[in-house]
Amino acid sequence: MDIGVATRPVRADDGPLFCRLRTRLSRDTVYRRFHAPLHAPPAGALPHLVDVDHDAREALVAVVGGEVVGVARYDRPPGDPSTAEVAVLVEDGWQGFGVGRQLLRELVELAGRRGVRTLTASVQADNDRVVGLVRRLLPDSSLTPEDGVYAVVSPLPRVPAPAGA
């Protein structure tokens with residue numbers, strides 16, 4: 001079941017929303033996203049999450065009732081702006097409702113319009129939801145297993161900028 005939610009680019013003043021989101025994440029969700037059992041965000045993590053330039057680094061958030069319930073982001077390496085690493089995180093209570101799919105779809109479109117031609121990601125091989133999401137939204141992706149993690153590489157088609165952009 002998909003439920004459309006409001007999305008927007010992350011803002012510098014979203015720090016408190018990210019802190020509250022963190023308290024609503026299960027250990028499993030944190031482990032799935034960061035591939036480690038983080039009990040607290042690393043020092044300096046909050047500024048990194050909200051300080052994006054909306055080009056080389058982008059983040060979109062899903063907002064419900066004034067709270068961030070999901071985030072999708074990409075980071076382009078300085079030496080290759082045609083490639084971006086992508087990650088998605090959705091609060092446990094909103095998983096299974098299409099929030100991650102909506103965020104990833106919007107982020108992929110945005111990245112494509114900005115010249116990204118290849119997306120990369122690391123996904124735990126037993127994370128069936130995310131593996132399925134990648135296969136549905138990015139069907140040309142290659143998933144290469146290594147030590148229980150898939151290295152995902154997905155080519156993006158050229159996406160024209162919207163008229164008047």
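Please refer to the structure placed before this passage.
Okay, so let's go over this structure.

Rules used in this analysis
- Residues numbered from 1 in each chain as written.
- Predicted model: local features only at pLDDT ≥ 70, side-chain atom pairs only at ≥ 80, totals over all residues.
- Heavy atoms only, no water.
- Helix = DSSP H or I, 4+ residues; strand = E, 2+ residues; numbered from the N terminus.
- Buried < 20%, exposed > 50% of the residue type's maximum accessible area, 1.4 Å probe, protein only.
- Polar contact = N/O pair within 3.5 Å; in protein donor to acceptor, adjacent residues only side chain to side chain.
- Contact = heavy atoms within 4.5 Å.
- Salt bridge = Lys/Arg side-chain N within 4 Å of Asp/Glu carboxyl O.

Topologically, Arg 76 is positioned in the loop between β3 (67-75) and β4 (83-90). Its relative accessible area of 12% is what places Arg 76 among the buried residues. A distance of 2.9 Å separates the side chain of Arg 76 from the side chain of Asp 55, its partner in a polar contact. Within the local environment of Arg 76, its side chain forms a polar contact with the backbone oxygen of Pro 81, the two atoms lying 2.7 Å apart. For Arg 76, the contacting residues outside a window of four places in its chain are Asp 55, Ala 56, Pro 81, Thr 83, Ala 84, Arg 114, Gly 115 and Val 116.

As a further point, take the pattern of salt bridges. When the charged atoms of two side chains with opposite charge come close together, those side chains can pair. A complete count under the given rule lists nine salt bridges for this structure. The residue Arg 20 makes a salt bridge to Glu 67 at a minimum N-O spacing of 3.0 Å. Residue Arg 20 is located in helix α1 (residues 15-23), and its partner Glu 67 is located in strand β3; the two are separated by 47 residues in the primary sequence. Its salt-bridge partner being Arg 57, residue Asp 75 comes within 2.5 Å of it at the nearest N-O pair. In this pair, Asp 75 sits in strand β3 while Arg 57 sits in strand β2 (residues 57-64), placing the two residues 18 residues apart along the sequence. Judged by its relative accessible area of 23%, Asp 75 falls in the partly exposed class. What you see here is one network of salt bridges that share partners, running through Arg 20, Arg 24, Glu 67 and Glu 91.

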